[in-house]
Amino acid sequence: QVQLVESGGGVVQPGGSLRLSCVGSGFTFSAYFMSWYRQAPGKEREFVAIIGVGGDTNYRGSVKGRFTISRDNAKNQVYLQMNSLKIDDTAVYFCRAGHDYWGQGTQVTVSS
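The model shown is predicted, which means the values in this text are computed figures rather than measured ones. Sequence order as written defines the numbering, with residues in each chain counted from 1. Reporting in this predicted model follows two pLDDT cut-offs: at least 70 for local features of residues, and 80 or more for side-chain atom pairs to be given and counted; totals over whole chains, interfaces and linings ignore these cut-offs and use all residues. To obtain the side-chain values, all non-hydrogen atoms of the structure were included, while hydrogens and water were left out.

Q: Mind laying out the environment of R96, listing which residues take part and the relevant values?
A: Runs of E in the DSSP output that reach at least two residues are strands. Runs of H or I that reach at least four are helices, and both are numbered from the N terminus. Looking at the secondary structure, you find R96 in strand β9 (residues 91-97). Contact criterion: two residues are considered in contact whenever any of their non-hydrogen atoms come within 4.5 Å of each other. Not counting residues up to four positions away in its chain, the partners in contact with R96 are L4, F33, M34, S35, Y37, Y101 and W102. Polar contacts, as counted here, are pairs of nitrogen or oxygen atoms within 3.5 Å of one another; within protein the pair requires one atom able to donate a hydrogen and one able to accept it, and residues that are adjacent in sequence qualify only if both atoms are side-chain atoms. A polar contact of 3.1 Å, which involves the side chain of R96, links it to the side chain of Y37.

Q: Explain the sheet that holds strand β8 (residues 77-82) residue by residue, including any values.
A: Think of it this way: DSSP has to see at least two bridges between two strands before they count as a pair. Across the sheet, four strands lie side by side as β1-β3-β8-β7; this open sheet has antiparallel pairing. What marks the edges here is a single partner per strand, and that holds for β1 (3-7) and β7 (67-72). In this sheet, neighbouring strand axes are inclined to one another by 15° on average, regardless of whether the strands run parallel or antiparallel. As judged from the six bridges shared by β7 and β8, these two strands associate in the antiparallel manner. Pairing of I69 across the sheet is with L80, part of β8. Only the stretch in contact is used when fitting a helix axis, every axis being a line fitted to C-alpha atoms; angles between N-to-C directions are given from 0 to 180 degrees.

Q: Lay out the nonpolar core with the relevant residues and their values.
A: Residues grouped as a nonpolar core are buried Ala, Val, Leu, Ile, Met, Phe, Trp, Tyr and Cys residues, joined through side-chain atoms within 4.5 Å. Exposure classes here rest on a 1.4 Å probe applied to the protein chains alone. A residue is buried below 20% of its type maximum, exposed above 50%, and partly exposed in between. Within the largest apolar cluster, 27 residues are counted, with the highest numbers of intra-cluster contacts made by W36, V78, L80, M82 and Y93. Listing elements by their share of this core, those giving two or more residues are β3 (18-25), β4 (34-39), β5 (46-51), β7, β8, β9 and β11 (106-110). In terms of residue count, the dominant contributor to this core is β9 (four residues).

Q: Which residues make up unusual backbone geometry, and what values do they have?
A: Across the chain, the bulk of peptide bonds are trans and the bulk of non-glycine residues have phi less than zero. The phi dihedral of N76 falls on the positive side, at around 55°, and the residue is not glycine. Residue N76 is classed as partly exposed on the basis of its relative accessible area, which comes to 25%. The phi torsion at S84 lies on the positive side, around 50°, for a residue other than glycine. Secondary-structure assignment places S84 in the loop between β8 and β9.

Q: I'd like to hear about the state of the cysteines, residue by residue, with values.
A: When the sulfur atoms of two cysteines share a covalent bond, that bond is a disulfide. The rule for a disulfide is simple: a pair of cysteine sulfur atoms within 2.5 Å. Inspection of every chain in the model, using the stated rule, returns one disulfide. Here C22 is linked by a disulfide to C95, with a sulfur-sulfur distance of 2.1 Å. Disulfide C22 to C95: torsion about the S-S bond roughly -75°, handedness left-handed. Taken as a pair, C22 in strand β3 and C95 in strand β9 lie far apart in primary sequence, 73 residues in all.

Okay, structure coming up:
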């Protein structure tokens, strides 16, 4: 069956960095655009970044220049490198494959 498993979340101070990973199985990973979303407490889930099949990328405005999405099709993985983290980046981060599949999420907490 299809699985998306995120990892790499944790607690970090403002200005710090984290790298999230998401490994997919049960589907043809290389054929799917992959994206990251996040959901903060009491807020709706929001788009963070996307990477196409060909490697083209796009980001929400508030993370441009700080976050980088990448993929390794040989490992069925997508990554989110997050630098210069802010308190407002605190959320559960979800990996998504196409329009179809979601991971269970990984918690990112930015706190001093």
